[in-house]
Amino acid sequence: MGVRKDSVVANDRGARARHRMSQSSSEPDEELMRALYREHAGPLLAYVLRLVAGDRQRAEDVVQETLIRAWKNAGQLNRATGSVRPWLVTVARRIVIDGHRSRQARPQEVDPSPLEVIPAEDEIDKALWLMTLSDALDDLTPAHREVLVETYFKGRTVNEAAQTLGIPSGTVRSRVFYALRSMKLALEERGVTA
């Protein structure tokens, strides 16, 4: 007897919701949204929770989006002769499927908070060091500057630098030795110590 009474109450609720929808001519009202929520949100949430593996926040978002779509499509729901719940269930299922597909199509988002504890490199110190280094290089003779640029800054071997500069490799070694000594003195004059 109790089950029969519940089904009569449920049918009565569905009829009231359809009646409210038919009362609103072109613009759905706030009362319709409340009625949809009252009558369908609980069962819809239980259904969606199973679809999203128990993720309550996601399920609530899906239910909310489903009810908003129902509210926006109240005109179509007015013409429905039966309950609106099958329509709501179908819309909710499609929202879950679309969400799953969109997560598969884009890379997983990463929480940026661990990056906040990594200290950032101080670019000002780097810029000042490069300016000092450039200034010290200007103090060198052109021949010494040339071999340092080829070997240290361009990363060439002694033989490659010799070939590029058109001088013997022994000369490159000798110039690198004296250029480094001169460079060390030029940097010390600028307050840079090793």
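Right, let's walk through the structure included here.

Cut-offs and rules
Residues numbered from 1 in each chain as written. Predicted model: local features only at pLDDT ≥ 70, side-chain atom pairs only at ≥ 80, totals over all residues. Heavy atoms only, no water. Helix = DSSP H or I, 4+ residues; strand = E, 2+ residues; numbered from the N terminus. Buried < 20%, exposed > 50% of the residue type's maximum accessible area, 1.4 Å probe, protein only. Contact = heavy atoms within 4.5 Å. Polar contact = N/O pair within 3.5 Å; in protein donor to acceptor, adjacent residues only side chain to side chain. Salt bridge = Lys/Arg side-chain N within 4 Å of Asp/Glu carboxyl O. Phe/Tyr/Trp six-rings, centres within 6.5 Å; stacked < 30°, edge-to-face > 60°. Expected span 1.5 Å × (residues − 1). Arc of directions from axis to C-beta. Core = buried A, V, L, I, M, F, W, Y, C linked by side-chain atoms within 4.5 Å.

**A short note on the environment of Arg-69**
- With respect to the secondary-structure elements, Arg-69 resides in helix α3 (residues 56-72).
- On the basis of relative accessibility, which here comes to 33%, the residue Arg-69 falls in the partly exposed class.
- As a C-alpha pair, Arg-69 and Ala-92 span 23 residues in sequence and 9.7 Å in three-dimensional space.
- Discounting residues that sit within four places of it in the chain, Arg-69 has contacts with Trp-87, Val-91 and Ile-95.
- At 2.9 Å, the side chain of Arg-69 and the side chain of Glu-65 are in polar contact.

**Regarding the pattern of salt bridges**
- One pass over the full model with this rule turns up six salt bridges.
- Arg-156 serves as the salt-bridge partner of Glu-150, at 2.2 Å between the closest nitrogen and oxygen.
- A relative accessible area of 7% means that Glu-150 is categorised as buried.
- Salt bridges linked by common partners bring Asp-135, Asp-139 and Arg-190 together as one network.

**Looking at the packing of aromatic side chains**
- Counted according to the given criterion, the structure contains one aromatic pair.
- Note on Phe-177 and Tyr-178: the rings are 5.0 Å apart at their centroids and 85° apart in plane angle, and the pair reads as edge-to-face.
- Take Phe-177: its relative accessible area is 48%, and that puts it in the partly exposed class.
- Owing to a relative accessible area of 41%, Tyr-178 belongs among the partly exposed residues under this scheme.

**Notes on helix α7 (residues 123-139)**
- Between its first and last C-alpha, α7 extends 25 Å over 17 residues, near the 24 Å set by a 1.5 Å rise per residue.
- Regarding α7, the residues found buried are Leu-133, Ala-136 and Leu-137. The buried residues of α7 all sit within an arc of 100° when viewed along its axis, so they share a single face. Seen from the open side of α7, the exposed residues pointing more than 90 degrees away from its buried face are Ile-124, Met-131 and Asp-138.

**Some thoughts on the nonpolar core**
- Grouped together as the largest cluster of nonpolar side chains are 20 residues, with contacts concentrated most on Leu-36, Val-48, Val-62, Val-63, Leu-67 and Leu-88.
- Listed by contribution, the elements that provide at least two residues to this core are α2 (30-51), α3 and α5 (85-105).
- The leading source of residues in this core is α2, at seven residues.
- Setting aside residues up to four positions removed in sequence, Val-48 forms contacts with Ala-59, Val-62, Val-63, Ala-92 and Val-96.

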